[in-house]
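# Results of the structural survey
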Amino acid sequence: MPRSIWSGNISFGLVNIPVKLQTVVREKSVRFHLLNPDGSCRLRRKLYCPETGEEYDFNETARGYEIAPDQYILMDEKELKKLRPDEGRSIAIDAFIRIEEVDPVYFDKPYYLVPDENAAKAYSLLLRAMEESKTAAIAHFVMRERQHLSILRPRDGAIVLHAMHYSDEVAEAGQLDIPRDVKPAGRELDIAMKLINEMTTDFDPSRYRDEYREELEKLIEAKAEGKEFVTAATAEGGGRGRVVNLMEALQRSLREKQGGRKEPRARRPSRAAVKPQAQERHRKTA
């Protein structure tokens, strides 16, 4: 059962819908503790000054913002308290939008919104209205001393809230050093489109597993029971070797996806498309 981490109201016009915020994702990462070499003691970290070696309790610390190497501005707790957003209990809906207009890069953690007692009717009204109008709601709320931008959307008979990144937190693709003037050849693009068509299917999340975590859990279980654990042998020759050029890689991939058992001989690329190293290999093997 997901646990509630926040409670408040969805503010929908003049309607207030009491809700609880519950986690959607249950992280299953395997976490380790730091121990001494023989495992008899769990190690602890401590706060200390590296220059004097003096130790400090957490309550004795001050907050500082680094403005230059080893130069800090000290912040008083009273000053920070004045700036913190009001600890309201309202998820205030600002507007309704089309969910497809939002780039997924803005999405952060998802949560379920569950109606509180006597709020089922109002909750159902908002849920059904978003389903019928095919819209999602942009809202903001305060949790853990921080104001969060969020989006509310219907999912399987429930309302899901996604915390979102603000626009100035997301790096634009235009800031990246990506060549913009490289155009694919028509033949390469045609084969790439055919390969995509062969690989297109309905998304089924149950098909994908964290194989490393599963193997790690088996190892932990076996060691806990005092058994010898043997990992699955890695297939020899896992790599397929370096392919001469992009066209050959596309053609080979497409043939495999189409189920071709006998791979026909690839057409030799033009001399202009072959790198000098590849030309040298062709001369030696001719």
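Residues numbered from 1 in each chain as written. Predicted model: local features only at pLDDT ≥ 70, side-chain atom pairs only at ≥ 80, totals over all residues. Heavy atoms only, no water.

- An unreviewed UniProt entry lists the protein chain under the name Non-homologous end joining protein Ku, from Tectimicrobiota bacterium.
- Regarding the protein chain, the relevant UniProt record gives this comment under Subunit (unreviewed entry): "Homodimer. Interacts with LigD."
- On record in UniProt, under Function (unreviewed entry), the comment for the protein chain is "With LigD forms a non-homologous end joining (NHEJ) DNA repair enzyme, which repairs dsDNA breaks with reduced fidelity. Binds linear dsDNA with 5'- and 3'- overhangs but not closed circular dsDNA nor ssDNA. Recruits and stimulates the ligase activity of LigD." (UniProt positions renumbered as here; feature names shortened; annotations may be inferred.)

## Focus on helix 2 (residues 120-133)
- Across its 14 residues, helix 2 extends 20 Å between first and last C-alpha, which sits within 8% of the 20 Å expected from 1.5 Å per residue.
- All of the buried residues along helix 2 are Tyr 123, Leu 126, Leu 127 and Met 130. For helix 2, the angular spread of buried residues about the axis comes to 95°, placing them on one side. Projecting away from the buried face of helix 2 at angles above 90 degrees are the exposed residues Lys 121, Leu 125, Arg 128 and Glu 132.
- Positive backbone phi, at 55°, marks Lys 134, one or two positions downstream of helix 2. (Helix = DSSP H or I, 4+ residues; strand = E, 2+ residues; numbered from the N terminus. Expected span 1.5 Å × (residues − 1). Buried < 20%, exposed > 50% of the residue type's maximum accessible area, 1.4 Å probe, protein only. Arc of directions from axis to C-beta.)

## Side note on the pattern of salt bridges
- Taken as a whole and judged by the stated rule, the model has 11 salt bridges.
- Of the charged contacts in the structure, one is a salt bridge between Arg 146 and Glu 169, with a shortest N-O distance of 3.3 Å. Taken together, the positions of Arg 146 in strand 10 (residues 146-155) and Glu 169 in the loop between strand 11 (158-164) and helix 3 (186-199) put the pair 23 residues apart, joining distant regions of the chain.
- Between Glu 214 and Arg 209 there is a salt bridge, with the nearest N and O atoms lying 3.1 Å from each other.
- When its relative accessible area of 24% is taken as the criterion, Glu 214 is described as partly exposed.
- One network of salt bridges, in which partners are shared, links Arg 187, Asp 190 and Lys 194. (Salt bridge = Lys/Arg side-chain N within 4 Å of Asp/Glu carboxyl O.)

## What to know about a nonpolar patch on the surface
- Taken together, Tyr 65, Ile 67, Ile 73 and Met 75 make up a surface patch of nonpolar side chains, about 410 Å² in accessible area.
- Elements supplying a minimum of two residues to the nonpolar patch: strand 5 (63-68) and strand 6 (71-75).
- Mapped onto the secondary structure, Tyr 65 falls in strand 5.
- Its relative accessible area of 58% is what places Tyr 65 among the exposed residues. (Patch = residues over 30% accessible without salt bridge, like charges linked within 9 Å, V, L, I, M, F, W, Y side chains within 5 Å. Areas by Shrake-Rupley, 256 points an atom, 1.4 Å probe, with all protein chains shown as cover.)

## Let's talk about the pairing of strand 5
- Summarising the sheet, strand 5 and strand 6 pair through 5 bridges and their orientation is antiparallel. Bridging across to strand 6, Glu 66 finds its partner in Tyr 72.
- Linking strand 5 back to strand 6 in an antiparallel pair, the connection comprises 2 residues, with Asp 70 at a positive phi of about 65°. (Pairing = 2+ DSSP bridges.)

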